[in-house]
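# Chain and residue survey
Each chain, written out:
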Amino acid sequence: MKKPLIGITSGDRYLYQTDNYSGVRVSYSMAQVSEAISQAGGLPVIIPVHDPVQSAAYIDHLDGLVLQGGADISPQFYDQEPTEKIQRFDPRRDKREIALLRAAIDRQLPILGLCRGMQLANIVRGGSLFQDLSDRPETTIAHVQLSDGDVPSHRIYVKEDSRLSELLPNQTMINSYHHQAIDQVGEGLVVSGWAEDGVIEAIESVDPDFNFLGVQYHPEQAIDYNPVHFLIFRDFLDRVHTNQL
Ligand code: MN
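Residues numbered from 1 in each chain as written. Predicted model: local features only at pLDDT ≥ 70, side-chain atom pairs only at ≥ 80, totals over all residues. Heavy atoms only, no water.

### Structural notes on helix H3 (residues 91–106)
In this model, H3 (16 residues) spans 22 Å end to end at C-alpha, consistent with the 22 Å of a helix rising 1.5 Å per residue. The complete set of buried residues in H3 reads Arg93, Asp94, Arg96, Glu97, Ile98, Leu100, Leu101, Ala103, Ala104 and Ile105. Between a side-chain oxygen at the N-terminus of H3 and the backbone nitrogen of Arg92 the separation is 3.0 Å; the capping residue is Asp90. Just downstream of H3 lies Gln108, where phi reads positive at about 55°. (Helix = DSSP H or I, 4+ residues; strand = E, 2+ residues; numbered from the N terminus. Expected span 1.5 Å × (residues − 1). Buried < 20%, exposed > 50% of the residue type's maximum accessible area, 1.4 Å probe, protein only. Polar contact = N/O pair within 3.5 Å; in protein donor to acceptor, adjacent residues only side chain to side chain.)

### Re the coordination of the manganese ion
Note on the manganese ion: its protein donors are His143 (ND1), His154 (NE2), Ser176 (OG), His178 (NE2) and Glu201 (OE). The metal-donor distances range over 2.2 to 2.3 Å. Sequence positions of the residues that donate to the manganese ion give the spacing H-x10-H-x21-S-x1-H-x22-E. Here His143, found in the loop between strand S7 (129–130) and strand S8 (154–158), pairs with Ser176, found in the loop between strand S9 (172–174) and strand S10 (181–182); they are 33 residues apart in sequence, far enough to count as distant. Given the relative accessible area of 3%, His143 is considered buried. Given a relative accessible area of 0%, Ser176 falls into the buried group. (Donors = N, O, S within 2.8 Å, 3.2 Å for Na, K, Ca; no water.)

### As for unusual backbone geometry
Across residues other than glycine, the phi torsion is negative in most instances, and most of the peptide bonds are trans. One non-glycine residue with positive phi stands out, namely Tyr21, at about 65°. Its identity as a non-glycine residue notwithstanding, Gln171 has a phi of 65°, on the positive side. Among the structural elements, Gln171 can be located in the loop between S8 and S9. You can call Gln171 partly exposed: its relative accessible area is 38%.

### Brief notes about the packing of aromatic side chains
What the rule picks out here adds up to one aromatic pair. Both rings, one in Phe210 and one in Phe212, keep their centres 5.3 Å apart while their planes meet at 5°; by these two values the pair is stacked. Both residues of the pair, Phe210 and Phe212, count as buried. (Phe/Tyr/Trp six-rings, centres within 6.5 Å; stacked < 30°, edge-to-face > 60°.)

### Description of the layout of surface pockets
Considering only enclosed or pocket space, the largest pocket measures out at about 420 Å³ in volume. Lining the largest pocket are 20 residues; nearest its centre among them are Gly70, Ala71, Asp72, Gln87 and Tyr177. In terms of residue class, the lining of the largest pocket is made up of six nonpolar, ten polar and four charged. In this structure, the second largest pocket encloses a volume near 160 Å³. Forming the walls of the second largest pocket are Arg163, Glu204, Ser205, Phe210, Asn211, Phe212, Leu213, Asp238, Arg239, Thr242 and Asn243. Broken down by secondary-structure element, the contributors of at least two residues to the lining of the second largest pocket are strand S12 (200–205), strand S13 (212–215) and helix H6 (231–244). With four residues, the single largest contributor to the lining of the second largest pocket is H6. (1 Å grid on protein atoms, 1.4 Å probe; cavity = no way out; pocket = protein on both sides within 12 Å on 5 of 7 lines; lining within 4 Å. Points joined across faces, edges and corners; volume = space filled by probe spheres on them. Nonpolar A, V, L, I, M, F, W, Y, C, P; charged D, E, K, R; others polar.)

### Regarding the environment of Glu187
Along the chain, Glu187 turns up in the loop between S10 and strand S11 (189–194). Given a relative accessible area of 63%, Glu187 falls into the exposed group. A C-alpha to C-alpha distance of 8.6 Å links Glu187 and Ser205, two positions 18 residues apart in sequence.

### Some thoughts on the environment of Pro52
Along the chain, Pro52 turns up in the loop between strand S4 (43–47) and helix H2 (55–61). Sequence separation between Pro52 and Ala40 is twelve residues; the distance between their C-alpha atoms is 29 Å. Non-local contacts of Pro52, meaning those with residues more than four positions away in its chain, are made with Lys95, Arg96 and Ala99. (Contact = heavy atoms within 4.5 Å.)

### Concerning the pattern of salt bridges
Pairs may arise between side chains of opposite charge once their charged atoms sit close together. Evaluation of the coordinates by the stated rule reveals eleven salt bridges. Notably, a salt bridge pairs Arg107 with Asp60, separated by 2.9 Å at the nearest N-O pair. Pair noted here: Arg107 is in the loop between H3 and strand S6 (111–114) and Asp60 is in helix H2, with a separation of 47 residues, a long-range link. Judged by its relative accessible area of 37%, Arg107 is partly exposed. (Salt bridge = Lys/Arg side-chain N within 4 Å of Asp/Glu carboxyl O.)

### Here we look at the side chain of His178
Checked against the element boundaries, His178 lands in the loop between S9 and S10. On the basis of relative accessibility, which here comes to 3%, the residue His178 falls in the buried class. At 2.8 Å, the side chain of His178 and the backbone oxygen of Gln180 are in polar contact. Excluding residues that lie within four positions of it along the chain, His178 makes contacts with Leu133, His143, Val144, His154, Val199, Glu201 and Gln216.

What follows is the structure in structure tokens.
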């Protein structure tokens, strides 16, 4: 049987601080995402920087789509002006990923959203973000950890009977690398994980035409300290296989 082909979105940066190739523009994705997809039985491919018009053509070849992490999303995509604490954003990347995501939704492909990827799916479904967690007065815990991604930072409280609850035990320790968070939840989505201060840490679709689960943390970096986080990827490949039947 052919291995399912899993597209992973790429960021678009210039290389600095390298001995060679300094100043070269690259499409990049985090190696641990590809490794986790491979380990779960998928064949990962990085979707390079491309013209959004080509998005549907990419999606035609794929069996699943991973929206990987990265920089802030331009607030223009959720109808807000940038506030003072917004960080670097790149509307060109946003447009490429939104086009891919819309094409994937049209084709009913299984989709996994990681960190920024979860936020992007929320926005495409009409939701919004807090541009900075300080805009949300109830925030009491640190969500931008200084430790490496393989170090657990805070707990996630998991909604009973959600898809996520079949993967993560309640109060699992997760890493946390986000200064933004979901504010309004998009259409057809429910919150399936929170931090102790109520910050949204996971969402999933309850719309049968939208095959989506998203997490605010980085499970690909957390597998080493707790293998339970690999289940996010195994579940995604399960959804891909089910979708192919
Ligand atoms: Mn967090």
